Structures are given as structure tokens and as C-alpha cells.
Amino acid sequence: MSILNILRYPDPRLHKIAKSVTVFDERLKKLAADMAETMYDAPGVGLAAPQVDVHEQLVVIDTSETNDDLLILINPEIIWSSPERKMYDEGCLSVPGIYDGVERAAEVKVRALDIEGKSFELHVDGLLAVCVQHEMDHLIGKVFVEYLSPLKRNRIKTKMLKEERTEQYNKQRGRR
Ligand code: NI
């Protein structure tokens, strides 16, 4: 397995629309395993394929404290959302260090395929419901900061670009 490079906001590749998965082979299993390893290593509770520059409908999630409850969703669709909504402070591995409130459906029902291509349904609430909706947004090229005000989003963009420049500069200095 290997740790994959996670794209950082505002990288335009984060806004590409992911394609459906049609082939359930060893390549897909390796991708899911690498994504899980990358998520646990970060550490994070979810990772979508577009975040590692693979524009396919695959997400990995694990909201357990013990990192032993891996959920893989392929070609997921929301088939029901609760009218009740909840606000939750979200973060994202593509927007490191930023947390802000996003309002989403408190419960959702999802239909997805597993790693073998078998269909299943899932009814989730709490943190898992937040996570499923957040990760599914990545598949349509949406990052959670897009729910925030333009003012906040621009501040985040500036901060991310500044951090990236500082890192590049430090890398260059390190090489000399
Ligand atoms: Ni995210």
C-alpha cells in the first residue's frame, strides 16, 4: 500500500466531476486500500478519490475511534434526506487547519456499490451522515468551504496559497 498525495484547496482539480466506476478489479481494490491508508495516516475520517486526483466515484470513511470500521462507497446516491437539518463544524484533508459550520441533512439514506460491485443501502445519522454528505460533495467537485460566505472563502483561499508558497520556499531552501 502507499500514501497518496492529497490535493489542496484551491487546486482546480478538486472541482472536476468524478465518473462512475464500471470496472471492479484489482486496480480499484488497490486504490481503495491506498486511500484508506492515506486517510488513516493523515489522520482524517473520510477521503474521496478526487482529493487524490482520481476522478472516479469512490470514497472511504471511518468515523470509529479505533480505525477499524472502514466504509467504502462506490457510485453512491442519496435516496432520502431527512427534513431535519443540523449544523456541524467540518474540516477537510484538502483544507488543512480550517474548521467551520456547515448545515446538512441530519440523516440520509444512501445506495452504493461495495468493492465487489454489489449494491447496498445504508441509513446514517450523526457524524457519519455529515461525513457521507461531505465526501459525496467531493465527487461533484464541491469542497465544504463553498458553503461558507464569499468573504470567509476568500480568506481561506489566501491563507492556503500563502502556506503553499511558504512550503515551496522552505523546500527550495532545504535543497541548497
Ligand atoms: Ni473533504
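Everything here concerns the structure above.
Right, let's walk through the structure included here. Since this is a predicted model, take the numbers as computed values, not measurements.

### Observations regarding the packing of aromatic side chains
Evaluation of the coordinates by the stated rule reveals zero aromatic pairs. The residue whose ring lies beneath K109 is W80, and the NZ or CZ to ring-centre distance is 5.7 Å. If you follow K142 out to its NZ or CZ, it ends over the ring of Y147, 4.2 Å from the centre.

### Quick notes on the pattern of salt bridges
Under the counting rule described, the total for this entry stands at 13 salt bridges. E167 is the partner of R8 in a salt bridge, and the nearest nitrogen-oxygen pair spans 2.9 Å. Pair noted here: R8 is in the segment before α1 (26-41) and E167 is in helix α3 (residues 150-175), with a separation of 159 residues, a long-range link. For E167, a relative accessible area of 38% translates into the label partly exposed. For K29, the salt bridge identified is with E26, shortest N-O distance 3.9 Å. Here the residue K29 and the residue E26 both occupy positions in helix α1, the gap between them amounting to three residues, near one helical turn.

### Brief notes about the coordination of the nickel ion
Looking at the nickel ion, one finds its protein donor set to be C92 (SG), H134 (NE2) and H138 (NE2), positioned 2.1 to 2.2 Å from the metal centre. On the primary sequence, the residues serving as donors to the nickel ion are separated as C-x41-H-x3-H. You can see C92 sitting in the loop between β4 (85-90) and β5 (100-105) and its partner H138 sitting in helix α2 (residues 126-139), a full 46 residues away along the chain. Pair check on accessibility: C92 and H138 agree, each one buried.

Here is what the cut-offs are and how they apply
- Residues numbered from 1 in each chain as written.
- Predicted model: local features only at pLDDT ≥ 70, side-chain atom pairs only at ≥ 80, totals over all residues.
- Heavy atoms only, no water.
- Phe/Tyr/Trp six-rings, centres within 6.5 Å; stacked < 30°, edge-to-face > 60°.
- Lys NZ or Arg CZ within 6 Å of the ring centre and 35° of its normal.
- Salt bridge = Lys/Arg side-chain N within 4 Å of Asp/Glu carboxyl O.
- Helix = DSSP H or I, 4+ residues; strand = E, 2+ residues; numbered from the N terminus.
- Buried < 20%, exposed > 50% of the residue type's maximum accessible area, 1.4 Å probe, protein only.
- Donors = N, O, S within 2.8 Å, 3.2 Å for Na, K, Ca; no water.

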